[in-house]
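The lines below spell out each chain.
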Amino acid sequence: MSIIRTLLICVLTLSSVMALSAETISQQVIATSAEPKKATDSFQSSVNKFPSASYVEKQQLIDIIRASKNERALELFNGILSGDIFYVKKTNEVVYRAPTEDRKFLVTSFSNGKEVGLFKKRKLKKIGINNSLRGNLKNAIAELQLFSEILEDRELAALSILKTASSDHQTLINSALKFEQSNGEDEYIIEVLTTSKSLIDLKSEDPVVRLQAIKYLDKSLYVETRNGLSGFIDHALINFDDYNQAEITLAKTTLDDINQLMKINAVIENIYFGVALGAVLLLAAIGLAITFGVMGVINMAHGEMIMLGAYTTFVIQQLMPNHIGLSLVVAVPAAFLVSGTVGVLVERSVIRHLYGRPLETLLATFGVSLILQQAVRSIFGPLNQDVVTPDWMAGTFTVNAGLELTFNRLYIIIFSLMVLVGLALVLKKTLFGLQMRAVTMNRPMASSMGIKTGWVDALTFGLGSGIAGIAGVALSQLTNVGPNLGQAYIIDSFMVVVFGGVGNLWGTLVGAMSLGIANKIMEPMAGAVLAKIIVLVAIILFIQKRPRGLFALKGRAVEG
Amino acid sequence: MKNNQTINESNKLKLGPMATLLVGDKGGQRLVMALVAIAIIFPFCNLMFPEDSIFHVSTYALTLTGKYLCYALLALSVDLIWGYCGIMSLGHGAFFALGGYAMGMYLMRQIGERGVYGNPDLPDFMVFLSWENLPWYWFGFDQFWFAMVMVLLIPGTLAFVFGWLAFRSRVTGVYFSIITQALTYALMLAFFRNDMGFGGNNGLTDFKDILGYDLQSAETRSVLFFASAMALIFGYLISRFITKSKLGRVLVSIRDAEMRTRFLGYKVEYYKLFIFIVSAMLAGIAGALYVPQVGIINPGEFTPINSIEIIIWVAIGGRGTLFGAVIGAIAVNYAKTYFTGAFAELWLFMLGGLFVLSTLYLPKGIVGAVKSIKEGNGKISRLYFFLKEKIASIKGGA
């Protein structure tokens, strides 16, 4: 019995051991033969071949990797294209590098992301490519992206296909269209792809296909469409026999239609730019409208108040480098406070003594502007400072294929209107606004009613300067932030106030917008500088007709 | 007072027509005498004494002083219109630069074949821009007399057109200042353009000679210096002549009460226009003398800041005194040369401080301050005597 039992146990254990080992063996077999594993290997081995490959071989490697459809293929291609991928000269290992402080580079392996070590610059070499490889890489990237899971990637890829559309892409586009129709149903991508397809079809031998392509291209506003159509017409006119009259006329009318639409687009774009410039001018001038219009003070240091606001933005960004988007929001009240405080100080120390002597005020405030400029130059240095634009300000918004408007301009327009409305509310609805208007209209009477006119003056000047500071925050997103920032805007701001009329926020709004739009509409015809000169001369002439501006104050307050 | 006048009457015949202008103008007399002395002594010391002599005036110092004299003439022209007519023009930098450009164009044409490209007709920058012909507005500038006429005519015409438009529609005060500033700014932008045919960004430079004399030689420099001093004296006498005349008194009345003058029946705009044109021409002459001494004219001269700086020279010297403007221009520019060399960082602080302090505490400038100390009234003189007493008591105590 016992013998049988021991035998049985032996058999059982043996068999279980056998079974176990068989299992592991079969697992290994499956693993090696499994498809993904093999693809990874071929991908990895192709990657490893890159450093030593010639250009021709690299081309083959790209094709292999492209066919492998490996998930990291896109990363690799992009990396090679932008020159971010290196290899270690000694080991031929493909790596990423990151600079360290002691002029060496921390190198991490491309394949597994492990750190390889610290290397000197000359121990590493970029994976070199030539122009034809670059084109191939771009195509490969487009192809990989066209079938990507991510919508934005597919959009970008479709657009890049559109740019380089040639007959090589035909099958790719067709399969991408199928993929899209079955998968995402994204109309935009389908439109872009169909446009590319039609552009390729224009070169087809078959007149029916060509005619259909032209019909599809009607009202398509892509630059490529126009180029393609005009190329088609030129080609058709030379090789007249191969084409029939109908398609040429159709192509011509289509092209004319498109050009017409593009003209409208250009006008819309110019007006948009003009309104944006007007918004900037409005922001810059609105503070001046208060100090000049309401108080009759010529503040030549107004531009420097703008500059202080821009520098405040810079400082706030330095203080909170990890919250760039938030820093801009914080900068608005901060800039208001900084510039406003400086404004109140200037009013109390200088301008207070010069009321009723506008020309002297002009000189004194000019002196203040020089001091502020030099102060900023001494503290921050003469160079322009780098103010970062937050992500939500960047980007464009597409109206149609031929018209893209940038977001930052849109924000500036909205922002300046908000400031205008806010200021109008302060003037009309608050006690301070009431006192301010009272002092403007009749100083002795206001004073006898118990208003401290001196402090109202100081606060009014502070308000005007503070708004200049806010303008500085907005301008820091558009232009260079340097000590001379303010000077560029001071003359324009004066022009806006003088043109719009003194002491009237509506006048400032209309003045700023008309100057901005006039400038931008003339720019394409006359060039930027000449447009500016024309606008200046026009204002000088306009002042002759209406010396007090568009919306002039009437009555006794005028002569003063 | 009456006694004085009789003395003046008896002096008149002996003095001659020019000198009568200086009667009763002590500051002016001293200024003219000083200028005559400088005009003779400086070139003499420059040419006659060897370089190691203590009496030697270096050509650099001579040119620098000549530059100051041009600035002084410019300040004089601003004082004439601001001090006596109350018009604060921020466009005089432009008139100065236009006069300078007219002179520069003549000097440019004198280069002839000696330019880098060796083209006898076209200045270098035109060859560089591959222009075929000389633009029409350059014709005539190879003649010295024509250029000199233009030095007066171009600023004068601009002042006429601009002033006629502005004064007729009663653009006054700050508005006038701002639109003249806009004019200057527009001209600056225009002259920066290459298409304008004035050398664009680089302006006109590399001058060789004037009327056949080498511009680099000490003799030519001395003559230019002498001419600047003479022009300043001439400008001073003309300004004095205008301000002493009946017309000058009308101008002052316009400054003090424009409406009242108008109601008294004077055509205010014609008076203003006249003085504006004269002033612009004086500024043009200053520019024309400035360019050959400095050797370059570029659109930077049009910068609006320059025009404001001129105003501050006048304000610091003493507005409405003529010789005060000359003193102010020379004093501020000397300080500028010194401080930009010694403490470059500080200069803008100082200039800014000057603007603020002079408007607050020296409303009548240096001349006014000296006068009030002499007469013993006003804040400045109280401060002066207070300090004097303090110093005396400290000395006495010690």
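Please read these numbers as outputs of a predicted model, since none were measured by experiment.

Conventions we followed
Residues numbered from 1 in each chain as written. Chains lettered and ligands numbered in written order. Predicted model: local features only at pLDDT ≥ 70, side-chain atom pairs only at ≥ 80, totals over all residues. Helix = DSSP H or I, 4+ residues; strand = E, 2+ residues; numbered from the N terminus. Buried ≥ 20, exposed ≤ 12 C-beta atoms within 10 Å, placed from the backbone. Contact = placed C-beta atoms within 7 Å. Rg over C-alpha atoms; globule rule 2.2 N^0.38 Å. Core = buried A, V, L, I, M, F, W, Y, C linked by C-beta atoms within 7 Å. Pairing = 2+ DSSP bridges. Axes fitted to C-alpha atoms, helices over the stretch in contact; angles between N-to-C directions. Expected span 1.5 Å × (residues − 1). Domains from an automatic or database assignment. pLDDT = per-residue confidence, 0-100. Nonpolar A, V, L, I, M, F, W, Y, C, P; charged D, E, K, R; others polar. Parallel < 35°, antiparallel > 145°, perpendicular 65-115°, else oblique.

A. Structural detail: the overall build of chain A. On a plain count of helices and strands, chain A comes out with 21 helices and seven strands. The buried share among the 560 residues of chain A stands at 38%. Taking contacts inside chain A between residues at least 6 apart in sequence as the whole, the part at least 24 apart equals 68%.

B. Expanded view of the overall build of chain B. In terms of regular secondary structure, chain B is built from 16 helices and four strands. Its C-alpha atoms give chain B a radius of gyration of 23 Å, within 12% of the compact-globule value 21 Å for 398 residues. Counting only C-alpha atoms, chain B reaches 75 × 65 × 50 Å along its principal axes. Out of the 398 residues belonging to chain B, those deemed buried represent 43%.

C. Quick look at the nonpolar core. B:L73 and B:A75 are the most contacted members of the largest nonpolar core, which totals 198 residues. Once you skip the residues sitting within four places of it in the chain, B:A75 turns out to touch B:I310, B:W313, B:V314, B:G317, B:A325, B:V326, B:G328 and B:A329. By size, the runner-up hydrophobic cluster in this structure holds 43 residues, among which are A:I65, A:Y87, A:I189 and A:L229.

D. A look at the sheet that holds strand β3 (residues 105-109) of chain A. All names here are of chain A. Read across the sheet, five strands follow the order β4-β3-β2-β1-β5 without closing on themselves; strand pairing throughout is antiparallel. The strands lining the two open edges of the sheet, one partner per strand, are β4 (115-119) and β5 (124-126). For this sheet, the mean inter-axis angle between neighbouring strands, taken without regard to orientation, is 40°. Direction of pairing for β3 relative to β4: antiparallel, over a ladder of four bridges. Of the residues in β4, the one forming a bridge with F105 is F119.

E. Geometry of helix α7 (residues 173-192) of chain B. A rise of 1.5 Å per residue sets the reference length of α7(B), with its 20 residues, at 28 Å; its end C-alpha atoms lie 29 Å apart and thus fit the reference within 8%. Judged by how many residues are buried, α7(B) sits mostly within the fold: 15 of 20 residues are covered.

F. Inspection of the environment of B:I38 at higher detail. Positionally, B:I38 belongs in helix α2 (residues 26-48). Separated by 13 residues in sequence, B:I38 and B:E51 have C-alpha atoms that sit 19 Å apart.

G. Quick peek at unusual backbone geometry. The residue A:N92 is not glycine, and still its phi comes out positive at about 60°. For A:N92, the location among the structural elements is in the loop between β1 (85-88) and β2 (94-99). Unusually for a residue other than glycine, B:R170 sits at a positive phi of about 55°. In this structure, B:R170 sits in the loop between α6 (144-168) and α7. Judged by C-beta crowding, with 14 C-beta atoms within 10 Å, B:R170 ranks as partly exposed.

H. The arrangement of the domain arrangement of chain A in detail. The domain architecture assigned to chain A consists of domain 1 (147-243) and domain 2 (265-545). On a C-alpha basis, the centroid separation for the pair domain 1 of chain A and domain 2 of chain A is 48 Å.

I. Local environment of the confidence of the model for chain A. All names here are of chain A. For chain A, the average pLDDT comes to 80, and 90% of its residues sit at 70 or higher. Ranking the elements of chain A by mean pLDDT puts helix α1 (residues 2-33) last, at 48, and helix α12 (residues 302-319) first, at 93. Taken as a whole, residues 16-35 scores under 50 in pLDDT and shows two contacts with residues more than four places along the chain or in a different chain. Ignoring residues within four places in sequence, the model shows residues 555-560, a span with pLDDT below 50, making four contacts including any to other chains.

J. Main features of the interface of chain B and chain A. Every contact between the two is made by 37 residues of chain B and, on the other side, 33 residues of chain A. Secondary-structure elements contributing two or more residues to the side of chain B that touches chain A are α6, α7, α12 (304-317) and α14 (344-361) of chain B. When residues of the side of chain B that touches chain A are assigned to their parent elements, the largest contribution, 14 residues, is made by α7(B). Of the residues contributing to the side of chain B that touches chain A, the split by class is 27 nonpolar, seven polar and three charged.

K. Main features of the packing of helix α16 (residues 431-441) of chain A against helix α18 (residues 453-476) of chain A. All names here are of chain A. For the pair α16 and α18, interaxial distance at closest approach is 10 Å and the crossing angle is 110°. Considering the angle they form, α16 stands roughly perpendicular to α18. Facing F432, Q435, M436 and V439 of α16, the residues of α18 in contact are T453, V456, L459 and T460. Partitioned by chemical class, the residues of the contact of α16 with α18 number five nonpolar, three polar and no charged.

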